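Below are the chains, spelled out letter by letter.
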Amino acid sequence: MSINGTTKICATIGNPVEHSLSPVMHNAAYEEMGLNFVFLACKVLDVKKALDGVRGLNFRGLSVTMPHKIEAMKYLDDIDETAQKIGAINTIVNDNGKLKGYNTDYAGTTLALLEKTKIKGKNVVLLGAGGAARAIAFGLKKEGANITIINRTKDKASGLAKFIDAKVDDLSNIIKIKVDILINATSLGMDPNVNISAMPQEYFRKNMTVFDIVYRPKETKFLREARESGCQIVYGYKMLLYQAVAQFELFTQKKAPVAIMEKALLDALERKN
Ligand code: ATR
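Our subject in this report is the structure included herewith. All figures in this text were calculated on a predicted structure; none of them were measured in a lab.

### Quick word on the packing of aromatic side chains
Evaluated as defined, the whole model comprises 6 aromatic pairs. Seen from their ring centres, Y235 and Y237 are 6.2 Å apart, and the 25° between their planes marks the pair as stacked. A relative accessible area of 22% places Y235 in the partly exposed class. Overall, the relative accessible area of 5% leaves Y237 in the buried class. Cluster of aromatic residues (ring-pair linked, three or more members): Y30, F37 and F248. It is R134 that lies over the ring of F163; its NZ or CZ is 4.0 Å from the centre.

So, in structure tokens, the structure goes:
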């Protein structure tokens, strides 16, 4: 599809954005579907000015990444109820100059997990209580999971647990809990710290489904040890994929070509390794 006078423009905004994988996924999907859209990456320091620009230039949508996920909310005309509750957005849709914020991060995790396991009624242990953990916890709660939060800083675990009506525990107690789904929502194990895991290997049990939000490397130490312990694993890139799938559907109002987006993402990750 060549760019012309009717091309709709979408972009990811953040700082840094040089290594963003959103353009490859979205552009591959536009090409596959023959849509006259283009997806760019814009390094943004001042989010207010960027959103004025989106209105002025009539961009169709934005993927919002660090560090703007909370601040951007101040400058929107409307915010989806779930994103409001989570307290962060990662997506903005521009409908005739009216900007509405959404959060597709929580749906990303839910859809990634649902490929491999049911969530309703399952015991989920969430490692971490930061921004990513908050969106994930919210999605899991919505799906009807029983959630336990474990975090280095106890106050943050308690705060999140109160918000979604979950339990709090210590990592060392994990062997005493019947865990169906275990999620690392901390940054531990992210490249270049690839020899660190969020949990000692002896805590894995073979009936667990284990998910890591870290996607560089594709298989973290946490996931490798889970796999070696007989657990079913879900790669972190799946969350990245499915949050983009949900964004694509918001921007274009069409069903996303998931397999094409997944291939584009995996190829890009491969190139970067
Ligand atoms: P994000 O928005 O990406 O979730 P964040 O809000 O900084 O980032 O949260 C990072 C998470 O990783 C937190 O749960 C953090 O634990 P604390 O709340 O105790 O800071 C966790 N984390 C980061 N480094 C850690 C480490 N070395 N050991 C244990 N937990 C760590």
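### Here's the deal with the side chain of N151
Note on placement: N151 falls in the loop between β8 (146-150) and α6 (154-164). Of note is the side chain of N151, whose polar atom sits 3.3 Å from the backbone nitrogen of A129. A polar contact of 3.0 Å, which involves the side chain of N151, links it to the backbone oxygen of T153. Those residues in contact with N151, other than ones at most four positions away along the chain, are G128, A129, K156 and A157.

### Some thoughts on the site of the ligand
Surrounding the ligand, one finds G128, A129, G130, G131, A132, N151, R152, T153, K156, T186, S187 and L188. A129 places a polar main-chain atom, nitrogen or oxygen, 2.9 Å from an oxygen atom of the ligand. The contact in question runs from an oxygen atom of the ligand to an N or O atom on the side chain of N151, over 2.7 Å. When the ligand is considered free in solution it has 640 Å² of accessible area, and contact with the protein chains removes 65% of it.

### Considerations on the packing of helix α4 (residues 105-114) against helix α5 (residues 131-142)
Helix packing geometry: the angle between the two helix axes and the distance between the axes. Axis separation between α4 and α5 bottoms out at 8 Å; the angle between their running directions is 55°. As judged from the angle between their axes, α4 and α5 are oblique. Considering the relative orientation of α4 and α5, their crossing is right-handed. Here α4 contributes D105, Y106, T109, T110 and L113 to the contact with α5, which in turn contributes A135, I136, G139, L140 and K142. Within the contact of α4 with α5, the residues separate by chemical class into 5 nonpolar, 3 polar and 2 charged.

### Brief notes about the layout of surface pockets
Empty space within the largest pocket amounts to approximately 1,300 Å³. Taken together, 43 residues line the largest pocket, and the ones lying closest to its centre are T65, M66, K69, Y215 and L240. Listing elements by their share of the lining of the largest pocket, those giving two or more residues are α1 (22-33), β3 (61-64), α5 and α8 (237-252). The leading source of residues in the lining of the largest pocket is α5, at 4 residues. Across the lining of the largest pocket, the residue classes break down as 20 nonpolar, 17 polar and 6 charged. Its volume calculated, the second largest pocket comes out at about 300 Å³. Lining the second largest pocket are 17 residues, with G128, N151, R152, T186 and L188 positioned closest to its centre. Along the lines of polarity and charge, the residues of the lining of the second largest pocket split into 6 nonpolar, 6 polar and 5 charged.

### Quick word on the pairing of β3
The two faces of β3 match: G61 and S63 on one face and L62 and V64 on the other face are all buried. The sheet contact formed by strand β1 (residues 8-14) and β3 spans 4 bridges and is parallel. What sits directly across from A11, in β3, is L62. Direction of pairing for β3 relative to strand β5 (residues 91-95): antiparallel, over a ladder of 3 bridges. Opposite G61, over in β5, you have V93 as the bridge partner.

### Re the packing of α4 against α8
One way to put it is that α4 packs onto α8 with a least axis distance of 7 Å and a crossing angle of 120°. When the axes of α4 and α8 are compared, the pair comes out oblique. When you trace α4 past α8, the crossing you get is right-handed. Along its contact with α4, which presents D105, G108, T109, L111 and A112, the element α8 presents K238, M239, Y242 and Q243.

The rules we used
- Residues numbered from 1 in each chain as written.
- Predicted model: local features only at pLDDT ≥ 70, side-chain atom pairs only at ≥ 80, totals over all residues.
- Heavy atoms only, no water.
- Phe/Tyr/Trp six-rings, centres within 6.5 Å; stacked < 30°, edge-to-face > 60°.
- Buried < 20%, exposed > 50% of the residue type's maximum accessible area, 1.4 Å probe, protein only.
- Lys NZ or Arg CZ within 6 Å of the ring centre and 35° of its normal.
- Helix = DSSP H or I, 4+ residues; strand = E, 2+ residues; numbered from the N terminus.
- Polar contact = N/O pair within 3.5 Å; in protein donor to acceptor, adjacent residues only side chain to side chain.
- Contact = heavy atoms within 4.5 Å.
- Near = heavy atom within 4 Å.
- Areas by Shrake-Rupley, 256 points an atom, 1.4 Å probe, with all protein chains shown as cover.
- Axes fitted to C-alpha atoms, helices over the stretch in contact; angles between N-to-C directions.
- Parallel < 35°, antiparallel > 145°, perpendicular 65-115°, else oblique.
- Left-handed = near helix turned anticlockwise from the far one by under 90°.
- Nonpolar A, V, L, I, M, F, W, Y, C, P; charged D, E, K, R; others polar.
- 1 Å grid on protein atoms, 1.4 Å probe; cavity = no way out; pocket = protein on both sides within 12 Å on 5 of 7 lines; lining within 4 Å.
- Points joined across faces, edges and corners; volume = space filled by probe spheres on them.
- Pairing = 2+ DSSP bridges.

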